[in-house]
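# Examining the three-dimensional arrangement
Listed here are the chains, written in short residue letters.
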Amino acid sequence: MRYAKRGPLRFTSHRDFARAFERGLRRAGVPVAFSQGFTPHPKISYASAAPTGVASEAEYLEIGLQRSVDPAELRTALDAVLSPGLDVLDAVVAAGGSLADRIEASRWRIELPGVEPDVARAAVSNFLAASEVLVERMTKQGRRVFDTRAAVTAIDMIERTEAPSGVAGVPCAILEVVVRQVTPSVRPDDVLSGLRVVADLEPPVPPRATRLAQGTLTAQGEIVDPLEADRDGMAIGERQPEVRPAVR
């Protein structure tokens, strides 16, 4: 399944979303499958969730079901019971293989209110010219230093055709960045830390980041939706009735 985090709901943590989604499954009457053992859990697997405070149009998860369900009806039922801003966009039958293995990169839009486009353009040039850009961040394994430049496959200034979200009457540079999935993961704030390292770029107000896409990265730099390989219009359970079906 593909879902979005929009508006104020971008501040929903992954744990909060997981709780809301499980409640939504119950309210929508979805026949979700559960694990075995003392403490059964619904069979839900999340793929590369966006950081708290970041909006996204391309979050993905996979759920196991007990019986056949039409993907379009499932999407509609879940979208109706989740809060506005947590929007279910797509659902398909899983043809097999790992959903996580289909996610190699993300495309981000980063709005920098108060930053002149020419200033951001110069910082981007410095970033691209550098052989490495080291930044430091606290992770679950402690404080880590890692190279943001190696993870960024593309970073471009985009022309603004209308006022970006929440911005009016001030200059606003907009970046579009493609970042590979690496360990530790490189997030939009890490890219901004890299721009600060190479060009002392410091936005006067907090930037706003939105994940536009994630999936397989082609040689041309395009990102392929990980659900594309599963699209065939079949109802859940039709392909292999002897195996518990799953939906992404």
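Reference entry: report on the structure contained in this document. (Residues numbered from 1 in each chain as written. Predicted model: local features only at pLDDT ≥ 70, side-chain atom pairs only at ≥ 80, totals over all residues. Heavy atoms only, no water.)

Each regular strand carries side chains that alternate between the two faces of the sheet. The two faces of strand β6 (residues 134-139) differ: V135, R137 and T139 on one face are buried, but L134, E136 and M138 on the other face are not. Hairpin connection of β6 to strand β7 (residues 142-147): two residues between the antiparallel strands. (Buried < 20%, exposed > 50% of the residue type's maximum accessible area, 1.4 Å probe, protein only. Helix = DSSP H or I, 4+ residues; strand = E, 2+ residues; numbered from the N terminus. Pairing = 2+ DSSP bridges.)

Moving on to the packing of helix α3 (residues 117-129) against helix α5 (residues 188-199). Interhelical geometry of α3 versus α5 gives an angle of 90 degrees and a closest axis separation of 9 Å. On the basis of the axis angle, α3 is roughly perpendicular to α5. Facing A123, V124, N126 and F127 of α3, the residues of α5 in contact are G194, L195, V198 and A199. Among the residues making up the contact of α3 with α5, the classes are represented as six nonpolar, two polar and no charged. (Axes fitted to C-alpha atoms, helices over the stretch in contact; angles between N-to-C directions. Parallel < 35°, antiparallel > 145°, perpendicular 65-115°, else oblique. Contact = heavy atoms within 4.5 Å. Nonpolar A, V, L, I, M, F, W, Y, C, P; charged D, E, K, R; others polar.)

Within the span of helix α2 (residues 71-81), buried status applies to P71, L74, L78 and V81. The buried residues of α2 occupy an angular sector of 100 degrees when projected down its axis, which confines them to one face. Relative to its buried face, α2 has exposed residues pointing more than 90 degrees away, namely E73 and A80. (Arc of directions from axis to C-beta.)

Attention now goes to the packing of aromatic side chains. Scanning all chains against the criterion turns up three aromatic pairs. Ring geometry for Y3 against F17: centres 4.2 Å apart, planes inclined by 5 degrees, an arrangement best described as stacked. Highlighted residues: Y3 in strand β1 (residues 2-5) and F17 in helix α1 (residues 14-27), separated in sequence by 14 residues. The two residues Y3 and F17 agree in class, both being buried. Measuring from ring centre to ring centre gives 6.2 Å for F17 and Y46, while their planes differ by 80 degrees; the resulting arrangement is edge-to-face. With F17 in helix α1 and Y46 in strand β2 (residues 44-47), this residue pair connects regions lying 29 residues apart in the sequence. (Phe/Tyr/Trp six-rings, centres within 6.5 Å; stacked < 30°, edge-to-face > 60°.)

Our focus in this paragraph is α3. With 13 residues, α3 should reach 18 Å at 1.5 Å per residue; the first-to-last C-alpha distance of 18 Å fits that figure. Every buried residue of α3 is listed here: A120, A123, V124 and F127. Down the axis, α3 shows its buried residues gathered within 105 degrees of arc, on one side only. Of the residues in α3, the exposed ones pointing more than 90 degrees away from the buried face are D118 and A129. (Expected span 1.5 Å × (residues − 1).)

Time to look at the pattern of salt bridges. By the definition in use, this model includes 15 salt bridges. With a shortest N-O distance of 2.8 Å, D230 and R102 are connected by a salt bridge. Taken together, the positions of D230 in the loop between β11 (223-224) and β12 (246-247) and R102 in the loop between β4 (86-90) and β5 (105-113) put the pair 128 residues apart, joining distant regions of the chain. R102 carries the same exposure label as D230, and that label is buried. Here D118 and R121 are joined by a salt bridge, their closest N and O atoms 2.8 Å apart. Placement of the pair is D118 and R121 together in helix α3, with a separation of three residues, close to one helical turn. Residue classification places D118 among the exposed residues on the basis of a relative accessible area of 59%. Among the residues examined, R121 registers a relative accessible area of 33% and is labelled partly exposed. (Salt bridge = Lys/Arg side-chain N within 4 Å of Asp/Glu carboxyl O.)

Glancing now at the pairing of β1. As paired elements, β1 and β4 share four bridges and run antiparallel to each other. Residue pairing in the sheet places K5 in a bridge with L86 of β4. When β1 meets strand β3 (residues 55-64), the two strands line up antiparallel, connected through three bridges. Considered in β3, the bridge of Y3 is made with E59.

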